[in-house]
Structure formats: structure tokens, C-alpha cells
Amino acid sequence: MNILDKIIADKFKEVELKKSLIPVSQLENSVLFDRKCISLAESLKNGSGIIAEHKRRSPSKSVINQSLNVQDVVKGYEEAEVSGISVLTDGKYFGGSLEDLLYARASVNTPLLRKEFMVDAYQVSEAKAYGADAILLIAAVLSEKQLIYLADSAKKLGMDVLLEIHNEEELQKSLNVNADMIGVNNRNLKTFEVSIDTSKRLAKLIPNEFVKVSESGISTTAAITDLKNYGFEGFLIGENFMKTDNPGAAAKEFITELKSMA
Ligand SMILES: O=P(O)(O)OC[C@@H](O)[C@@H](O)c1c[nH]c2ccccc12
């Protein structure tokens, strides 16, 4: 079993357990469930295009930063004028939680992406109840049918959908999904290999109705300029900011540099 298979197997168990503890009706009755979402896709088009991520650790890097407070991090990101903030909610492999998402929501108005391994519509309802504006769907772990169903579930609740692919085959099964954005993950989740060329190769195959997002392994403003030439409007950056003592300040410096290049 590769790491992705392990994560998904654990996720199925986790979701079943949660369903037995908190019925979906309880999620639907929560305060944030009726909150109007802010579109992440629109925000990307109108701003810096940076989606900054809150990520404490990952299977590929182990510890990135365990000593920060999520509220400070997201406030810093908002001050830096990021277009969106991604909050990892997986506990076992990434050290995140739904509480992180809730605290983030209480701290900022910037669109929030729930970064999670979605396998069940229950998690889509959770995302809404804990304040997300958008969800991630990973084509590598879902069938076309599941992708369509989960995306429709999110759209019904007013959330945007970022659909993640990393090869041609995954793009093929994504074309009929009601997603707002297609994200090319430069990191292969099975081998952890990172190559920005993956984004460049797949860019021309992605229909224009989707906002194009490049994910992972981005650490320079030059990479962004390069990716913009391939039609990308969104750039998901985690480790490059989170490895510093002050991710907000790092994001601010990065975005200031980006602006000076435009
Ligand atoms: O830290 P990086 O290399 O900047 O990557 C951020 C983000 O793209 C990455 O965390 C990610 C992309 N897709 C995912 C799916 C699940 C978990 C994590 C991810």
C-alpha cells in the first residue's frame, strides 16, 4: 500500500466513526451552515492569486512547523493579501483538525479552502458547518461518479470546488465534474516527487471554463511569473511560508515582490 492508499483507508474509518457520533442533521443545524460563502475562484481572479496554506506537518516532510497558532497564521496571511487560505484538517498525517478551520473562520474573511481527503458527502457538510468556502476533491482517489456527486453536494451548499489532478488520465475523468477550479498538483501524492513541469504540461489540456491552479513545490516569484504564462491564476503555497517563524510576514514579502514585478 502506498501512503495515499493508507490515508484513504484511514479516512473511511474516521468518517464512519464521526457519522455515528455527530449526525449530519446536527451539522446542518449549526450556525455557520447558513453562512454565505465567498467564492475562492473569483477571489483568485481579482487578487494576488496566492492561496497560502496552514500545514503543520506532512508525510513527505514530517514536521514543518508545530509551534504556531492557527489564528495568528491566518491573520498574517490575510494581512499579506493572499486570495485564499487553505487549512489542512487531516489529523493523523498532517496534524490539522476541523477546529483549525473553525478558528481560522473566526479570525479572517478571506475565502477558506478545507484541505482534506474527501471520500463522503458527510465531509462536505462538515466543511460547510466549520466555515469553509471551498473544498478540495482529489481525482487520484475518487471515481468520476464520486467526483460528480461530491462536487454537486458542495455546489448545493454554495461552496466552490477545487478539483486536483496530476496526470492526463485524472484530467479526463474531471471534465464532466461541476468544479470551479482545476488544480495541478506538482507533487505526486504516491511518490512525493515534485515537478513544476507537471503544471506546464497539463495546462494546455485544461478547458478554459476552469480557473487553473498550480499546487505544491512553489517557492519563488519567478515560478509564478512562469506559470502565469501558461494560464495559471491560482498558486497554492504551503511549506515555503510555514517553514518560517512568521508565515504571514513571509507571504507578505512574497506578494510585495510579485506586485513589484507586474
Ligand atoms: O507545501 P507545498 O509544497 O507548497 O504544497 C502545498 C499544497 O499544494 C499541498 O499541501 C497539497 C496539495 N494537494 C494536497 C492534497 C492533500 C494534502 C496536501 C496537499
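Quick caveat, the model's predicted, so the values are computed rather than measured. (Residues numbered from 1 in each chain as written. Predicted model: local features only at pLDDT ≥ 70, side-chain atom pairs only at ≥ 80, totals over all residues.)

A. Spatial organisation of the UniProt feature "domain: Indole-3-glycerol phosphate synthase" (unreviewed entry) in the protein chain. Per the UniProt annotation, the sites labelled "domain: Indole-3-glycerol phosphate synthase" (unreviewed entry) are residues 4-253. Secondary structure over residues 4-253 splits into 41% helix and 17% strand, and the C-alpha atoms at its two ends are 33 Å apart. (UniProt positions renumbered as here; feature names shortened; annotations may be inferred. Helix = DSSP H or I, 4+ residues; strand = E, 2+ residues; numbered from the N terminus.)

B. Structural view of helix α6 (residues 121-129). Of all nine residues in α6, seven are buried; the element is thus mostly enclosed. Residues of α6 that are buried: Gln123, Val124, Ser125, Glu126, Ala127, Lys128 and Ala129. Tucked into the core, α6 has its buried residues touching α1 (3-21), α2 (24-28), α5 (98-107), β5 (112-115), β6 (134-138) and α7 (144-156). Note on α6: the residue one or two positions beyond its end, Gly131, has a positive phi of about 100 degrees. (Buried ≥ 20, exposed ≤ 12 C-beta atoms within 10 Å, placed from the backbone. Contact = placed C-beta atoms within 7 Å.)

C. Region of interest: the site of the ligand. Around the ligand sit 15 residues in total, of which Glu215, Ser216, Leu236, Gly238 and Glu239 are the nearest. Contributions of two or more residues to the shell around the ligand are made by β10 (234-237) and α11 (239-242). Looking at side-chain class alone, the shell around the ligand contains four nonpolar, five polar and six charged residues. (Near = placed C-beta within 6 Å. Nonpolar A, V, L, I, M, F, W, Y, C, P; charged D, E, K, R; others polar.)

D. Main features of the environment of Val211. Among the secondary structure elements, Val211 is positioned in strand β9 (residues 211-215). Here Val211 falls in the buried class, since 25 other C-beta atoms lie within 10 Å of it. For the pair Val211 and Glu233, spaced 22 residues apart in sequence, the C-alpha to C-alpha distance is 6.6 Å. Ignoring anything within four residues of it in the chain, the contact list for Val211 reads Ala41, Leu44, Lys45, Asp180, Met181, Glu233 and Gly234.

E. Summary view of the sheet that holds β9. Read around the closed barrel, the eight strands follow the order β1-β4-β5-β6-β7-β8-β9-β10; overall the barrel is parallel. Strand-to-strand twist in this sheet, taken as the mean axis angle between neighbours without regard to direction, amounts to 25 degrees. When strand β7 (residues 160-165) meets strand β8 (residues 181-185), the two strands line up parallel, connected through four bridges. Its bridge partner lying in β8, Glu164 is registered against Gly183. (Pairing = 2+ DSSP bridges. Axes fitted to C-alpha atoms, helices over the stretch in contact; angles between N-to-C directions.)

F. Spatial organisation of the packing of helix α10 (residues 221-228) against helix α12 (residues 247-261). Where α10 contacts α12, the two axes come as close as 10 Å, and the packing angle between them is 50 degrees. Considering the angle they form, α10 stands oblique to α12. Classified by chirality, the crossing of α12 by α10 is right-handed. Counted together, Thr221, Ile224 and Thr225 of α10 and Phe254, Glu257, Leu258 and Met261 of α12 form the full contact between these two elements. Classifying every residue of the contact of α10 with α12 by side-chain character gives four nonpolar, two polar and one charged. (Parallel < 35°, antiparallel > 145°, perpendicular 65-115°, else oblique. Left-handed = near helix turned anticlockwise from the far one by under 90°.)

G. Representation of the pairing of β10. Every second residue of β10 is oriented toward a common face, with Gly234 and Leu236 on one face and Phe235 and Ile237 on the other, all of them buried. Relative to β10, strand β1 (residues 50-54) runs parallel, the two sharing three bridges. What sits directly across from Ala52, in β10, is Ile237. Strand direction decides the pairing type here: β9 and β10, joined by three bridges, are parallel. Each bridged residue has a counterpart across the sheet, and for Ser214 the counterpart in β10 is Phe235. The handedness of the β9 to β10 crossover, carried by α10, is right-handed. (Right-handed = clockwise from strand over helix to strand, strands pointing away.)

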